[in-house]
Amino acid sequence: MTTPSVPFIFDRDRVRRNRDRAAKNYQTYAFLKERVSRDILERLDDTPHQFERGIELGAADGTLSAMLQGNPKVQHILAADISEKMLTQAAARGLETAIVDEEHLSFEDHHFDLVLSALSLHWVNDLPGTLIQIRRKLKPDGLFIAALPGGATLMELRTCLMEAEAELKGRVAPRVSPLPSLADMAGLLQRAGFALPVADKESLTIRYDSLFDLAKDLKGMGERAAFHSGIEPVSRDVFLKAAEIYAER
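Caption draft 1: Representation of empty space enclosed by the protein. Taken as a whole and assessed by the stated rule, the structure comprises one cavity of 30 Å³ or more. Within this model, the largest cavity holds a volume of roughly 30 Å³. Together, Ile55, Leu57, Leu105, Phe107, Phe112, Val115, Ile134 and Lys137 line the largest cavity. Those elements giving two or more residues to the lining of the largest cavity turn out to be β1 (54–57), β4 (112–118) and α5 (127–137). Along the lines of polarity and charge, the residues of the lining of the largest cavity split into seven nonpolar, no polar and one charged.

Written out as structure tokens, the structure is:
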């Protein structure tokens, strides 16, 4: 039996460069990271456990890890990210940091009793494989809490870009990352071997006056497209047409 190959969708170097470019002014655009981090802390407060050693994957500037400083439930937290420049911001907050690619977790098995991730795992190529790695790095009674953008995220942007490119170019290329549905995540957690997996969804609506404002925020968050080099960037005329469609709706 052959093992299916992992689809190469994202260029991890581009993911890193996007975060590097966003690092200096990240706090200006970190409102979603902060919101989701608070939600994760609420989930953590609901557990009776004490945690000796935790890690935040995709920590960016350490927003979530900084919120855990002084928390009696967590003795030690490591802020980990693929971007060295983001981690410079995290270190300035007094956090211990490490350059870590979520696709390649080099820690010993059963090293952590807590793994957290806020809006980062949607950029890995092999999400099932990453979840299996996370489960292996956890102690048997460890806890994993993560938040990912769901399948309906940026649906308006996706639709406007597809319509604009189809009209002007006669073809459509992927412009917004494929994102997992709630059912997808529930199934992936089960496949990865997590005990007592729970997946749920929260809808959050953020309105923009124009596509340009949305694009500015995505760039500031380090969330620009990071597809592999075989996909051409959006042309100026397609983007302007998409902005026109966005404004009309």
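After presenting the structure, the write-up continues.
Caption draft 2: Main features of the sheet that holds β1. Spatial ordering of the open sheet is given by β3-β2-β1-β4-β5, a layout of five strands whose pairing is parallel. Either end of the sheet is taken by a strand with one partner, and the two such strands are β3 (96–99) and β5 (138–147). Across this sheet, the average inter-strand angle for adjacent strands is 20°, counted without regard to direction. Two elements, strand β2 (residues 77–81) and β3, share four bridges in a ladder whose sense is parallel. When the bridges of β3 are listed, Asp81 appears paired with Ile99. Here α5 sits on the sheet in contact with β1, β4 and β5, set at roughly 140° to β5.

Caption draft 3: Structural view of the packing of helix α8 (residues 211–220) against helix α9 (residues 236–248). Relative orientation of the contacting elements α8 and α9 amounts to 115°, with a least axis distance of 9 Å. Residues Leu211, Phe212, Leu214 and Ala215 of α8 pack against Phe239, Leu240, Ala242, Ala243 and Tyr246 of α9.

Caption draft 4: Focus on the environment of Ile77. Following the sequence through the fold, Ile77 ends up in strand β2. Here the alpha-carbon distance between Ile77 and Leu127, two residues 50 residues apart in the chain, equals 23 Å. Apart from residues lying up to four places away in sequence, Ile77 is in contact with Gly54, Ile55, Glu56, Ser65, Leu68 and Glu96.

Caption draft 5: Spotlight on the pattern of salt bridges. Under the counting rule described, the total for this entry stands at 19 salt bridges. With its nearest N and O atoms 3.6 Å apart, the salt bridge here joins Asp237 to Lys169. Placement of Asp237 in helix α9 and of Lys169 in helix α6 (residues 155–169) is noted, with a sequence separation of 68 residues between them. Using a relative accessible area of 37% as the deciding quantity, one classes Asp237 as partly exposed. The exposure class assigned to Lys169 is partly exposed, which follows from its relative accessible area of 36%. Lys241 is the partner of Glu244 in a salt bridge, and the nearest nitrogen-oxygen pair spans 3.3 Å. Here Lys241 and Glu244 lie together in helix α9, a separation of three residues that amounts to about one turn.

Caption draft 6: Summary view of the nonpolar core. If you look at the biggest cluster of nonpolar residues, it comprises 21 residues, and the most contacted ones within it are Ile55, Leu57, Val115, Leu131, Ile134, Phe144 and Phe194. Elements represented by at least two residues in this core include exactly β1, β2, β4, α5, β5 and α7 (182–191). Leu64, Leu114, Ala118 and Ile145 belong to the second-largest nonpolar core, a separate cluster that totals 15 residues.

Caption draft 7: Region of the structure containing unusual backbone geometry. Phi angles above zero are rare outside glycine, and Ala60 is one such case at about 55°. Mapped onto the fold, Ala60 is located in the loop between β1 and α3 (63–68). With a phi close to 60°, His110 is a non-glycine residue in the positive phi region. Looking at the secondary structure, you find His110 in the loop between β3 and β4.

Caption draft 8: Examining the packing of aromatic side chains more closely. Counted under the stated rule, the structure contains five aromatic pairs. Summarising the aromatic geometry, the rings of Phe212 and Phe239 are spaced 5.6 Å apart at their centres and angled 65° between planes, so their arrangement reads as edge-to-face. Here Phe212 is found in helix α8, whereas its partner Phe239 is found in helix α9, with 27 residues between them in sequence. For Phe212, a relative accessible area of 44% puts it in the partly exposed group. Take Phe239: its relative accessible area is 24%, and that puts it in the partly exposed class.

Here is what the cut-offs are and how they apply
- Residues numbered from 1 in each chain as written.
- Predicted model: local features only at pLDDT ≥ 70, side-chain atom pairs only at ≥ 80, totals over all residues.
- Heavy atoms only, no water.
- 1 Å grid on protein atoms, 1.4 Å probe; cavity = no way out; pocket = protein on both sides within 12 Å on 5 of 7 lines; lining within 4 Å.
- Points joined across faces, edges and corners; volume = space filled by probe spheres on them.
- Helix = DSSP H or I, 4+ residues; strand = E, 2+ residues; numbered from the N terminus.
- Nonpolar A, V, L, I, M, F, W, Y, C, P; charged D, E, K, R; others polar.
- Pairing = 2+ DSSP bridges.
- Axes fitted to C-alpha atoms, helices over the stretch in contact; angles between N-to-C directions.
- Contact = heavy atoms within 4.5 Å.
- Salt bridge = Lys/Arg side-chain N within 4 Å of Asp/Glu carboxyl O.
- Buried < 20%, exposed > 50% of the residue type's maximum accessible area, 1.4 Å probe, protein only.
- Core = buried A, V, L, I, M, F, W, Y, C linked by side-chain atoms within 4.5 Å.
- Phe/Tyr/Trp six-rings, centres within 6.5 Å; stacked < 30°, edge-to-face > 60°.

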